[in-house]
Amino acid sequence: MPAIKLIHITKRWGSFYGVDDLSLDIKDNAFVTLLGPSGCGKTTILRMIAGLETPTEGKIVIGDQVVFDSDAGINVPPNKRKVGFLFQNYALWPNMTVYQNISFGLKNVKEEMAVLDVEAKRASDILRSLSGGRKIRELILECRDKKGNPDAQKAYVKLIDTFGLSMMTAKELYDLKIQDAADPDSAAAEAKKAYEKKLEDRKAARRARGEDLNADCQVVRGGIPLKAVRKLSAEEIDARVREVARIVKIGMFMDRYPAELSGGQQQRVAIARTLAPKPRVLFMDEPLSNLDAKLRLEMRYELQRLHLETGSTLVYVTHDQMEAMTLATSICLLNNGVLQQYDAPLTVYNQPANLFAADFVGNPSINFVEAKVVHDARESAAAGAAAGAAMTGEAAGGIQLELFRGLRAVFVPSAPLNLEAWFQERERWNEQERQREAERLTDKKLVEKSNKDEVFRYHIQKIMEEDTSIQETPVLTNDDLVLGIRPEAVDIEENGALSSIVYGAMPTGMETTLKLSVADTWLLTGVIFGSNTFRIGEKVSINLNGNHILLFDRQSGRRISEGRLEFVRDIDL
């Protein structure tokens, strides 16, 4: 399957930018999820790659083919891009059976493809199946109705799924009556001789015309498979339908109509129909959103298996971050049409690029705590040593912060961190952005973006929510930082540094999600693993543990570092 490259892709309607200057590399055989809130540009990106939407500017490459280039005037139509698109509502034909729905697109295919000797292919498939007569007998005898009589229809499906046959070939194999023979292995051996002769006769006929057959029974001349513009034969269509039905496990439903299927079965039919034409890339636009929670979880496993079995490059749109985390090899996180982060799922979770990424990925959501740098503890080595005396020696090299109401804690980064150098780098980055914007403004064709990009406004959980609309925008300095604390880092300990009260508790069996009030003002979300019982109003001591406490710059919203917190002193808030 091919890789996909998006190079400076922009899509706008008037002054509204649906996608803004997006560059993205999707590797061969990747499973990429486009993740973000509603209206962030996920489906627009998918439709532009598929050719259903035309970008305003940029370039799109699928494999080695440029399918769109605004400068060169290239725009390959959707039916020439060989991509499979699975829509949110499945779009199955209600008046067609499952078989007809899957085969519908195949009947209209007319393109250059290898010339196939259908008779030789059928003989070859039967020869492959005749390797063991006892196995054929066992498979067929397993398929009986309630009265104990052989069920031919079930047997056909069993033979198709086991040996990878078309229905025509399965019927021919069944009619050999190997299952009725006293010695099925001997019967299979006799039948094998007849089909070996049949296959050899087909090859001899081809050789008389200066041709040959390869292992796939394609006609070869001079060592090169012959190609011709043609439609698929009935045998080829059936074989392909049965193959994809086997992959998604719907072989027994071929004669049913969509209304006779459950939601999950309809989903499988839609996937099979998408796979049938052998697309180069698979696109899925929130395909599980119509299913109930339990079925949605089961289908996630099926999609993982489907990706592995087909080896497809799969691009998947979702606003459900749990789907993105569990399915993808890479997450493309978007907001307001702008790429926020493109990384492996656990990287996005543990090292989010900014406040938006930290907030959007994770369930329950991350805790944000505003912090202020305490200067008198970092301006001199003596002060640092004094702070270190109250903690471990390793923590002395950290950044002392004030959070909540006067609580002093030291953030100890996992990797060496020079905070002043980081701020200087931020200013260089901001200046580059200003220069880039100034250059854009010189372009007479530029349309100013109406949906302006802003630093993400994070939410601080409090017992009494404040009306932020009437608050003035604070004046921020480099001392204003934000801590990001995942719920699993909030631990209840007998001698914890913080006193808190259980504000809410939601047990699920293997874990309990807690809302913990601190200083009668702030709320922290914690996840406590195990079958524990907590009473609302109960006093508990907590610590903020782990090496994945995140430190963000409040001005830009960008992540500065990750590390751990060590408290200067125990405090009763």
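Reading guide: rules and limits
Residues numbered from 1 in each chain as written. Predicted model: local features only at pLDDT ≥ 70, side-chain atom pairs only at ≥ 80, totals over all residues. Heavy atoms only, no water. Helix = DSSP H or I, 4+ residues; strand = E, 2+ residues; numbered from the N terminus. Rg over C-alpha atoms; globule rule 2.2 N^0.38 Å. Buried < 20%, exposed > 50% of the residue type's maximum accessible area, 1.4 Å probe, protein only. Contact = heavy atoms within 4.5 Å. Areas by Shrake-Rupley, 256 points an atom, 1.4 Å probe, with all protein chains shown as cover. Lys, Arg positive; Asp, Glu negative; His and termini not counted. Charge placed at Lys NZ, Arg CZ, Asp CG, Glu CD. pLDDT = per-residue confidence, 0-100. Pairing = 2+ DSSP bridges. Axes fitted to C-alpha atoms, helices over the stretch in contact; angles between N-to-C directions. Expected span 1.5 Å × (residues − 1). Polar contact = N/O pair within 3.5 Å; in protein donor to acceptor, adjacent residues only side chain to side chain. Parallel < 35°, antiparallel > 145°, perpendicular 65-115°, else oblique. Left-handed = near helix turned anticlockwise from the far one by under 90°. Nonpolar A, V, L, I, M, F, W, Y, C, P; charged D, E, K, R; others polar.

Here we come to the overall build of the protein. Looking only at helices and strands, one finds 15 helices and 27 strands in the protein. For the protein, whose C-alpha radius of gyration is 31 Å, the value lies well above the compact-globule estimate of 25 Å for 573 residues. When the backbone C-alpha atoms are referred to their principal axes, the protein occupies close to 95 × 65 × 45 Å. Burial statistics for the protein: of 573 residues in total, 47% are counted as buried. For the protein, the share of sequence-separated contacts (at least 6 apart) that also reach a separation of at least 24 residues comes to 69%. About 28,600 Å² of surface is accessible on the protein, with carbon and sulfur atoms providing 50% of the total. Positive and negative side-chain charges in the protein, numbering 75 and 81 respectively, have mean positions lying 8 Å apart.

Let us now look at the confidence of the model for the protein. Averaged over every residue, the pLDDT of the protein is 88; residues scoring 70 or more account for 94%. Mean pLDDT values for the elements of the protein range from 39 in helix α14 (residues 381-389) up to 97 in strand β26 (residues 549-553). Between residues 377-396, whose pLDDT stays under 50, and residues either more than four places distant or in other chains, the model counts 24 contacts.

For the rest of this paragraph, the subject is the sheet that holds strand β22 (residues 498-507). Within the open sheet, the 5 strands sit side by side as β21-β25-β22-β23-β24. Their pairing is antiparallel. Two strands close off the open sheet at either side, each with one partner strand: β21 (490-492) and β24 (522-529). Pairwise comparison of adjacent strand axes, ignoring direction, gives a mean angle of 45° for this sheet. Of the pairings in the sheet, the one linking strand β23 (residues 511-518) to β24 comprises 8 bridges and is antiparallel in character. Following the sheet pairing, Val518 is matched in β24 by Trp522.

Looking at where Glu211 falls in the secondary structure, it is placed in the loop between α7 (184-208) and β9 (212-213). Glu211 gets classed as buried once you look at its relative accessible area, which sits at 8%. Separated by 13 residues in sequence, Glu211 and Ile224 have C-alpha atoms that sit 9.8 Å apart. For Glu211, the residues in contact, after removing those within four places along its chain, are Arg206, Val219, Val220, Arg221 and Leu226.

A word on the pairing of strand β4 (residues 57-62). Here is the key point about a regular strand: its side chains alternate between the two faces of the sheet. Of the strand pairs in this sheet, strand β1 (residues 4-13) and β4 are connected by 5 bridges, and their pairing is antiparallel. For Lys5, the partnering residue across the bridge sits in β4 and is Val61. For β4 and strand β5 (residues 65-69), the ladder comprises 4 bridges, and the chain directions are antiparallel. Bridged to Lys59 within β5 is Asp69.

All right, on to helix α5 (residues 152-163) then. End to end, α5 covers 16 Å across 12 residues, agreeing with the expected 16 Å (1.5 Å per residue, within 8%). Every buried residue of α5 is accounted for by Ala155, Tyr156, Val157, Leu159, Ile160 and Phe163. Packed against the buried residues of α5 are α3 (118-129), α4 (133-141), α6 (167-174) and α8 (234-248). The opening residue of α5 is Asp151, an N-cap whose side-chain oxygen sits 3.2 Å from the backbone nitrogen of Gln153. With its phi angle positive at about 70°, Gly164 sits one or two positions after the end of α5.

We now examine the packing of α3 against α6. Direction vectors running N to C along α3 and α6 enclose 50°, while the axes themselves pass 10 Å from each other. Relative to α6, the element α3 lies oblique. The chirality of how α3 crosses α6 is right-handed. Taken together, the residues of α6 that come into contact with α3 (itself represented by Arg122, Asp125, Ile126 and Ser129) are Met168, Thr169, Glu172 and Leu173. Classifying every residue of the contact of α3 with α6 by side-chain character gives 3 nonpolar, 2 polar and 3 charged.

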